[in-house]
Amino acid sequence: ACEAMLMGVPVVCLVGDTHCSRRAATFVAAVGVIDDCLTHTKEAYVETAKLLAADCTRLAQTRSRLRNALLHSPLCNGPVFVRDSLEPLLHEKWKHFSEGRPP
């Protein structure tokens, strides 16, 4: 997903139960330019891809902003990503562990 967005290619994600689908959705959400490309059903996935492909103006605008948005996102800023995303997650997981709950 990151490589595609770095090249200006919008990524439509079908958020699901697999690690891969959740990881791609996390990357797309972190960039913030194409949040409407996060879908939760197969039908929405197909419809979103069709709408994006059919709207050349929107597609061109998205492509022109995507690379810069990725490079300036928390994904490409290690210290900010760790502080704002990873550390809170690790604290939550440690709290669950300390309380005897699953992660």
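Residues numbered from 1 in each chain as written. Predicted model: local features only at pLDDT ≥ 70, side-chain atom pairs only at ≥ 80, totals over all residues. Heavy atoms only, no water.

A.B. asks: If you had to explain the environment of proline 10 to someone new, which residues and values would you point to?
C.D. replies: Residue placement: proline 10 occurs in the loop between α1 (2–6) and β1 (13–14). Proline 10 gets classed as buried once you look at its relative accessible area, which sits at 15%. For the pair proline 10 and alanine 30, spaced 20 residues apart in the sequence, the C-alpha separation amounts to 13 Å. Not counting residues within four places of it along the chain, the set of residues in contact with proline 10 comprises Ile34, Leu52, Leu59, Thr62, Arg63 and Leu66. (Helix = DSSP H or I, 4+ residues; strand = E, 2+ residues; numbered from the N terminus. Buried < 20%, exposed > 50% of the residue type's maximum accessible area, 1.4 Å probe, protein only. Contact = heavy atoms within 4.5 Å.)

A.B. asks: Break down helix α5 (residues 78–98) for me, citing the residues and quoting the values.
C.D. replies: The largest bend in α5 is about 35 degrees, located at leucine 86, with the proline proline 88 one to four residues further on. Residue glycine 100 follows α5 closely and has a positive phi angle near 80 degrees. (Bend = angle between axes of the 7 residues up to and from the residue.)

A.B. asks: How would you explain the confidence of the model for the protein chain if you had to name every residue and give the values?
C.D. replies: Summing up the model confidence of the protein chain, the mean pLDDT is 91 and the portion of residues at 70 or higher is 100%. Averaged over each element, pLDDT in the protein chain is lowest for helix α2 (residues 19–31) (88) and highest for helix α3 (residues 42–54) (95). (pLDDT = per-residue confidence, 0-100.)

A.B. asks: Tell me what's going on with the side chain of threonine 39, and back it up with residues and numbers.
C.D. replies: Mapped onto the elements, threonine 39 comes out in strand β2 (residues 38–39). Judged by its relative accessible area of 4%, threonine 39 is buried. The contact partners of threonine 39, leaving out residues within four places of it in the chain, are Val12, Cys13, Leu14, Val15, Ala44, Tyr45 and Thr48.

A.B. asks: An account of the nonpolar core is needed here, citing residue identities and associated values.
C.D. replies: Formed by 14 residues in total, the largest nonpolar core has its most connected members in Met5, Val28, Val31, Val33, Ile34 and Leu66. At the level of secondary structure, the elements contributing two or more residues to this core comprise α2 and α4 (56–71). The residues touching valine 28, leaving out its near neighbours within four places in the chain, are Met5, Val11, Cys13, Ile34, Asp35 and Leu38. (Core = buried A, V, L, I, M, F, W, Y, C linked by side-chain atoms within 4.5 Å.)

A.B. asks: I'd like a description of the packing of aromatic side chains, backed by residues and values.
C.D. replies: Counted under the stated rule, the structure contains 1 aromatic pair. With centroids separated by 5.2 Å and ring planes inclined at 35 degrees, the aromatic side chains of tryptophan 94 and phenylalanine 97 adopt a geometry described as tilted. Taken together, the residues tryptophan 94 and phenylalanine 97, both in helix α5 and 3 residues apart, mark about one turn of the helix. This pair shows no difference in class: tryptophan 94 is exposed, exactly as phenylalanine 97 is. (Phe/Tyr/Trp six-rings, centres within 6.5 Å; stacked < 30°, edge-to-face > 60°.)

A.B. asks: Run through a nonpolar patch on the surface, naming residues and quoting values.
C.D. replies: A cluster of nonpolar side chains, Phe81, Val82, Leu86, Leu89 and Leu90, forms an exposed patch at the surface whose accessible area comes to about 380 Å². Considering the arrangement of structural elements, one finds phenylalanine 81 in helix α5. (Patch = residues over 30% accessible without salt bridge, like charges linked within 9 Å, V, L, I, M, F, W, Y side chains within 5 Å. Areas by Shrake-Rupley, 256 points an atom, 1.4 Å probe, with all protein chains shown as cover. Salt bridge = Lys/Arg side-chain N within 4 Å of Asp/Glu carboxyl O.)

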